[in-house]
Amino acid sequence: MVSPAAERGRAVRERLLNAAAELIPERGWTAVSTRILAERAGVTPSVVHYHFPSLPSLLSEAATSEMRKMLAGLNELLESTPSPGDAIETMLASVEEYTGADAASLLFIEAYLASTRDDELRERIAELVEKFRQRFGEWLEQHGVPAPFETAAVLAACVDGLLLHRGLGLKAKDPSAVLRRLLSTSPEEERQCGP
């Protein structure tokens, strides 16, 4: 049985993580201060450091937690996707809900940028992406796609790139046909994908 104090501590920790996940896209990674974060979570600044060793570690945990949720959703989508071509459609459909200026997109962009200066954050994000690429590669291998792990890496990077371009107001015209060619297993399938 969990003690009431432990439950309150868990609830405060969750409020801090949720506040950080809101503030990062609103203000930018470097503009989130302990004071602003504590205010948003409804706690005193000292509580932030009671639950987390530092502000960067809290921001890192908040961002990677949101990334983990998104990647788990993609893994679940793969489980219900019958073919590699359908996997492309599923991944591209998941991109459609992001504008590049929405909170989730901005959170990811801020986290990627912050990871260029934070080795621990970079390792955490790389681990999440690598696990997804591995899982996707295994799925592609089960579906007979040549070079499945290399293909998974390129497709994951393409989806990231499409999201980044959306932030610039740019959309790719019919990326599905291009990406389907990466998954073709025969010359006949390549002809069916079109130019």
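Here the residue numbers are simple positions, counted from 1 along each chain's written sequence. The predicted origin of the model limits local features to residues at a pLDDT of at least 70 and limits the giving and counting of side-chain atom pairs to 80 or more, whereas totals for whole chains, interfaces and linings rest on all residues. With hydrogens and water stripped out, all remaining heavy atoms of the structure feed into the side-chain values.

Visitor: Describe in detail the packing of aromatic side chains, supporting the description with residues and values.
Guide: Any two aromatic rings considered together are summarised by their centre-to-centre distance and by the angle between their planes. Two rings belonging to Phe, Tyr or Trp (six-membered ring only in the last case) form a pair when the distance between their centres is within 6.5 Å. Interplanar angles under 30 degrees mark stacking, angles over 60 mark edge-to-face geometry, and anything in between is tilted. Counted by the stated rule, this structure contains two aromatic pairs. Centre to centre, the rings of Phe 132 and Phe 136 are 5.7 Å apart; their planes meet at 25°, and the pair counts as stacked. Of this pair, Phe 132 and Phe 136 both sit in helix H7 (residues 119–142), four residues apart, which is roughly one turn of that helix. When sorted by exposure, Phe 132 lands in the same class as Phe 136, which is buried. Three or more aromatic residues joined by ring pairs form one cluster here, namely Phe 132, Phe 136 and Trp 139. Helix and strand labels come from DSSP, where a helix needs a run of H or I of at least four residues and a strand needs a run of E of at least two; each type is numbered from the N terminus. Only protein chains enter the calculation, and the probe is 1.4 Å; a residue is then buried if its accessible area is under 20% of its type maximum, exposed if over 50%, and partly exposed in between.

Visitor: Explain the side chain of Thr 81 residue by residue, including any values.
Guide: Structurally, Thr 81 can be placed in the loop between helix H4 (55–79) and helix H5 (84–96). Judged by relative accessible area, which is 8%, Thr 81 ranks as buried. Under the rule applied, a polar contact is a pair of N or O atoms within 3.5 Å (in protein, one hydrogen donor and one hydrogen acceptor; residues adjacent in sequence only if both atoms are side-chain atoms). Among the polar contacts listed, one links the side chain of Thr 81 to the backbone oxygen of Leu 77, at a separation of 2.6 Å.

Visitor: So what's going on with the confidence of the model for the chain? Residues and values would help.
Guide: Per residue, pLDDT captures the predictor's confidence, and it can take any value from 0 to 100. The predicted model of the chain has a mean per-residue pLDDT of 88, with 94% of residues at 70 or higher. The element-level mean pLDDT for the chain is lowest in helix H10 (residues 187–193), coming to 47, with helix H2 (residues 34–41) highest at 96. Confidence over residues 189–195 falls short of pLDDT 50; this stretch has nine contacts with residues more than four positions distant or in other chains. The contact criterion used is simple: two residues touch if any of their non-hydrogen atoms lie within 4.5 Å.

Visitor: Help me get a handle on the nonpolar core, residues and values and all.
Guide: By nonpolar core is meant a set of buried Ala, Val, Leu, Ile, Met, Phe, Trp, Tyr and Cys residues that side-chain atoms within 4.5 Å join together. Leu 16, Trp 29, Leu 37, Leu 58, Phe 136 and Leu 140 are the most contacted members of the largest nonpolar core, which totals 51 residues. Elements with a minimum of two residues in this core: helix H1 (4–27), H2, H4, H5, helix H6 (103–115), H7, helix H8 (148–167) and helix H9 (175–183). Counting residues per element, this core draws most heavily on H4, which supplies nine residues. Setting aside chain neighbours within four positions, we find Leu 58 in contact with Leu 16, Leu 17, Ala 20, Leu 37, Val 48 and Phe 52.

Visitor: Which residues make up the packing of H6 against H7, and what are the values?
Guide: Taken N-terminus to C-terminus, the directions of H6 and H7 make an angle of 125°; their axes are 8 Å apart at the nearest point. The angle between H6 and H7 places the two elements in the oblique class. Between H6 and H7 lies a crossing whose hand is left-handed. From H6, Ala 111, Tyr 112, Ala 114 and Ser 115 reach across to H7, where they touch Leu 121, Arg 122, Ile 125 and Val 129. Polar here means any residue outside two lists: the nonpolar Ala, Val, Leu, Ile, Met, Phe, Trp, Tyr, Cys and Pro, and the charged Asp, Glu, Lys and Arg; Gly therefore counts as polar. Within the contact of H6 with H7, the residues separate by chemical class into six nonpolar, one polar and one charged. Note on geometry: axes are lines fitted to C-alpha atoms, helical ones only across the stretch in contact, with angles between N-to-C directions running from 0 to 180 degrees. Should an angle lie under 35 degrees it is considered roughly parallel, over 145 roughly antiparallel, and from 65 to 115 roughly perpendicular; all remaining angles are considered oblique. By the definition used in this description, the sense in which the near helix is turned from the far one sets the handedness, with an anticlockwise turn below a right angle giving left-handed and a clockwise turn giving right-handed.

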